[in-house]
Amino acid sequence: MRAFSMATLTFGAIMMAAPAAKGQEARDWSLSGDLAAVSDYRYRGVSLTDREPAVQGELSLSAASGFYVYGWASSIVDIGDDVELMGALGWAGEIGGGFSLDAGAGGYAYPGVDDAKYYEFYAVLSRPIGMLTASGEVAYSPEQTNLGDQDNVYAKAGLSAPLPFTEASANVGLGWEDGAFGDDKVDWIAGVTLPLKPFELRVSYIGTNVDGLREAGDTVVAEIHWKFGG
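Residues numbered from 1 in each chain as written. Predicted model: local features only at pLDDT ≥ 70, side-chain atom pairs only at ≥ 80, totals over all residues. Heavy atoms only, no water.

### Thoughts on the pairing of strand β4 (residues 54-62)
- Where strand β1 (residues 30-38) meets β4, nine bridges bridge the pair, whose relative direction is antiparallel. Counted as the bridge partner of Val 38 is Ala 54 from β4.
- Direction of pairing for β4 relative to strand β5 (residues 67-75): antiparallel, over a ladder of seven bridges. Residue Gln 56 lies in a different strand from β5, and its bridge partner there is Ser 74.
- Hairpin geometry of β4 and β5 is characterised by an intervening segment of four residues between the two adjacent antiparallel strands and by a positive phi of about 110 degrees at Gly 66. (Pairing = 2+ DSSP bridges. Helix = DSSP H or I, 4+ residues; strand = E, 2+ residues; numbered from the N terminus.)

### Thoughts on the sheet that holds strand β9 (residues 132-144)
- Around the barrel, twelve strands lie side by side as β1-β4-β5-β6-β7-β8-β9-β10-β11-β12-β13-β14; this closed barrel has antiparallel pairing. Averaged over all pairs of adjacent strands, the angle between strand axes in this sheet comes to 20 degrees, irrespective of strand direction.
- Two strands pair when backbone bridges link them, and strand β7 (residues 99-110) and strand β8 (residues 113-129) are joined in this way by ten bridges, in the antiparallel orientation. By the bridge assignment for β8, Ala 103 is matched with Ala 123. (Axes fitted to C-alpha atoms, helices over the stretch in contact; angles between N-to-C directions.)

### As for the packing of aromatic side chains
- On inspection of all chains with the given rule, the structure shows six aromatic pairs.
- Where Tyr 119 meets Phe 121, the ring centres are 5.9 Å apart and the plane angle is 85 degrees; that geometry is what we call edge-to-face.
- Taken together through their ring pairs, the aromatic side chains of Tyr 43, Tyr 108, Tyr 118 and Phe 181 make up a single cluster.
- When the ring centre of Tyr 154 is taken as reference, the NZ or CZ atom of Arg 44 above it lies at 4.4 Å.
- The ring of Phe 99 has Arg 127 lying over it, and the distance from NZ or CZ to the ring centre is 5.4 Å. (Phe/Tyr/Trp six-rings, centres within 6.5 Å; stacked < 30°, edge-to-face > 60°. Lys NZ or Arg CZ within 6 Å of the ring centre and 35° of its normal.)

### Looking at the pattern of salt bridges
- Tallying each qualifying case throughout the model produces nine salt bridges.
- A salt bridge links Lys 227 to Asp 34, with the nearest nitrogen and oxygen atoms 2.9 Å apart. Of this pair, Lys 227 sits in strand β14 (residues 219-229) while Asp 34 sits in strand β1, and the two are 193 residues apart along the sequence.
- Classification of Lys 227 as partly exposed rests on a relative accessible area of 37%. (Salt bridge = Lys/Arg side-chain N within 4 Å of Asp/Glu carboxyl O. Buried < 20%, exposed > 50% of the residue type's maximum accessible area, 1.4 Å probe, protein only.)

### Remarks on the environment of Met 86
- As for its placement among the helices and strands, Met 86 is situated in strand β6 (residues 83-96).
- Sequence separation of Met 86 and Tyr 108 is 22 residues, and the distance between their C-alpha atoms is 4.5 Å.

### Side note on the confidence of the model for the protein
- The share of residues in the protein with pLDDT of 70 or more is 88%, and the mean pLDDT across the chain is 91.
- Counting interchain partners and residues more than four positions distant, the pLDDT-below-50 stretch residues 1-18 has 58 contacts. (pLDDT = per-residue confidence, 0-100. Contact = heavy atoms within 4.5 Å.)

### Some points on the nonpolar core
- Ranked by internal contacts, the top residues of the largest apolar core, which has 20 residues, are Tyr 41, Tyr 43, Tyr 70, Met 86, Tyr 108, Tyr 110 and Tyr 118.
- Counting residues per element, the ones that place at least two in this core are β5, β6, β7 and β8.
- With four residues, the single largest contributor to this core is β8. (Core = buried A, V, L, I, M, F, W, Y, C linked by side-chain atoms within 4.5 Å.)

In structure tokens:
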């Protein structure tokens, strides 16, 4: 999942701004997107599609200064109209010392369900280390009525690296969550990404430490992405 009505407003802002972005090169705006089909939509290790396939799409309108508006949508199951929307406002760029930062505020909405919207703040810090790229992520949702008057914290560490003699790359990640969406929950991922321009193929092994929940069991997820713009 990637709140309030901000998700819908974000999509509207992106679509209205797209024609302007093409004609206002002086502002250095760029529009990019991604359309994907996945064998299972896993969010922080847990399936939101009952371990069934999903279709997803995202758009990002970015300025040369680093500020961006982001919108996301995915099919899900058994939640409202079976659609998840996410919108975010943030900034991404280099902050010195070889570090890059991506930080902002995002909101989630589920059409057909009024009491499921919530928002969170996030930050991702990354830095190349030789052939590797290390990253650390933290996301925090303050106490909200739709989260049962609880807060939620999620933290994740990751490593990625190109695979020798190929255009592919590999990545591993370990996450921890506690609060409204988890009780000392741990999730992990190990995957490979292969660019096949204009497509991108991803295959990942994903799992969690949650026992007795089918949607949280270990699995292999395959994804095909079509990227455009940028």
